[in-house]
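Structural overview for review
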Amino acid sequence: MEILFENSYVRNKDFAKEIYRFYYFQRKGLVICYVLLSLSLVVNILISIFEKTYNWSIFIFVPVFFLGQLYCYFRQVNTMVKRDSEVHGKEISVETIVTNEYIQNTASTGAVNKLEYDKIRNSVQTKNLILLRSKANLIYIFRKDTFTKGDKESFARFLNNKGVKIK
């Protein structure tokens, strides 16, 4: 098996922030939900100003929902960092290799995961990461700037040839 791409990353606080920022604030469905909730709040504020009627449920629910999302985001980031530190005593590093048949993650903890291309459900990009989600909801992560063999553009073309489109 010829290794076509190699990538590595360290699970630190900045890494956790980027992952959870995407999952809590940048996914399309959530962005639409946030926009609709914000519009609902603005409309209710305008109605309360001009018609002197109040819908307290919107005034309470929307801010509580947004604060809850922020709380969950910060909690997840801190929990990931604390777990890695508690269980392994240090930040976890992950080495990923890509062959023509599969993708393999090897963590500094000794865990090894293989993913065949037909088991990839979807993929997305963030500012610094490429995320591949498997049918079993495992996330395979590639930092765009840490390819030691290959680069992000040729990796994206390779995935596209395998039938995986990166959004």
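Predicted model only: the values in this text are computed from it and were never measured.

1. A short note on the packing of helix H1 (residues 13–26) against helix H3 (residues 56–88)
It is at 9 Å that the axes of H1 and H3 come closest, and there the two elements cross at 150°. Two packed elements cross with a definite hand, and for H1 against H3 that hand is right-handed. Here Lys13, Phe15, Ala16, Lys17, Tyr20, Arg21, Tyr24 and Phe25 of H1 lie close against H3, whose contacting residues are Gln69, Leu70, Cys72, Tyr73, Gln76, Val77, Asn78, Met80 and Val81. Tallied by class, the residues present in the contact of H1 with H3 amount to 11 nonpolar, 3 polar and 3 charged.

2. Focus on the sheet that holds strand S5 (residues 120–125)
Spatial ordering of the open sheet is given by S5-S6-S7, a layout of 3 strands whose pairing is antiparallel. In this open sheet, the two edge strands, each paired with only one partner strand, are S5 and strand S7 (139–143). Between one strand and the next, the sheet's axes are offset by a mean angle of 15°, whatever the strand orientation. As defined by bridge partners, S5 adjoins strand S6 (residues 129–134) across 5 bridges and the pair is classed as antiparallel. Residue pairing in the sheet places Ile120 in a bridge with Ser134 of S6.

Calculation notes
Residues numbered from 1 in each chain as written. Predicted model: local features only at pLDDT ≥ 70, side-chain atom pairs only at ≥ 80, totals over all residues. Heavy atoms only, no water. Axes fitted to C-alpha atoms, helices over the stretch in contact; angles between N-to-C directions. Helix = DSSP H or I, 4+ residues; strand = E, 2+ residues; numbered from the N terminus. Left-handed = near helix turned anticlockwise from the far one by under 90°. Contact = heavy atoms within 4.5 Å. Nonpolar A, V, L, I, M, F, W, Y, C, P; charged D, E, K, R; others polar. Pairing = 2+ DSSP bridges.

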